[in-house]
Amino acid sequence: MSANEKLEECRMVEDGYLSEQFVKQLTGDFDIACVIHIQARNTGIENLGCVYMCQNLVSLDVSCNKINDLSPLYMLQNLQLLKPQQQQNISSQRFGTPPVTSLT
């Protein structure tokens, strides 16, 4: 099953919360700590929830969602690419200062 097929199968998060189970469904990884990439564009996310548990996360696409608090990303030291909601104010204090090298 391709990544696009997985995304179609579990298109929307429950209650806007990015849960560990939803991350596993999106990525196919059994261990959330092993997740490297999350493609969760337009999935109804409002709260990044358990994303802080993805300690090896390198890229995160949460564009076209309604996320207001990016602070769970602060602890992700490997995060290099972040695709936040379009027109989101990334410089807010709620984001912190993780070593993101690319915002698109």
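Cut-off values and rules
- Residues numbered from 1 in each chain as written.
- Predicted model: local features only at pLDDT ≥ 70, side-chain atom pairs only at ≥ 80, totals over all residues.
- Heavy atoms only, no water.
- Core = buried A, V, L, I, M, F, W, Y, C linked by side-chain atoms within 4.5 Å.
- Buried < 20%, exposed > 50% of the residue type's maximum accessible area, 1.4 Å probe, protein only.
- Contact = heavy atoms within 4.5 Å.
- Helix = DSSP H or I, 4+ residues; strand = E, 2+ residues; numbered from the N terminus.
- Polar contact = N/O pair within 3.5 Å; in protein donor to acceptor, adjacent residues only side chain to side chain.
- Phe/Tyr/Trp six-rings, centres within 6.5 Å; stacked < 30°, edge-to-face > 60°.
- Lys NZ or Arg CZ within 6 Å of the ring centre and 35° of its normal.
- Salt bridge = Lys/Arg side-chain N within 4 Å of Asp/Glu carboxyl O.

(A) The nonpolar core, seen in detail. Ile-38, Leu-48, Val-51, Leu-57, Leu-60 and Leu-73 are the most contacted members of the largest nonpolar core, which totals 23 residues. Apart from the residues within four sequence positions on either side, Val-51 is in contact with Leu-18, Ile-38, Leu-57, Leu-60, Pro-72, Leu-73 and Leu-76.

(B) Quick peek at the environment of Thr-27. Structurally, the position occupied by Thr-27 is in helix H2 (residues 20–27). A residue is classified by how much of its surface remains accessible, and Thr-27, at 19% relative accessible area, is buried. For Thr-27, the side chain forms a polar contact with the main-chain oxygen of Val-23, separated by 2.9 Å. Engagement of the side chain of Thr-27 in a polar contact is seen with the backbone nitrogen of Asp-29, the distance being 3.2 Å.

(C) Expanded view of the packing of aromatic side chains. As enumerated under the stated definition, the model contains 0 aromatic pairs in all. One cation-aromatic arrangement involves Lys-24 over Phe-30; the distance from NZ or CZ to the ring centre is 5.4 Å.

(D) The pattern of salt bridges, seen in detail. A full pass over the atoms with the stated rule returns 1 salt bridge. Linking Lys-24 and Glu-20 is a salt bridge whose minimum nitrogen-to-oxygen distance equals 3.4 Å. In this pair, Lys-24 and Glu-20 are both assigned in helix H2, 4 residues apart and thus about one turn of the helix distant.

(E) Local environment of the side chain of Ser-63. Of note, Ser-63 is situated in the loop between strand S2 (59–61) and strand S3 (81–83). Among the residues examined, Ser-63 registers a relative accessible area of 6% and is labelled buried. A polar atom in the side chain of Ser-63 sits 3.3 Å from the side chain of Arg-41.

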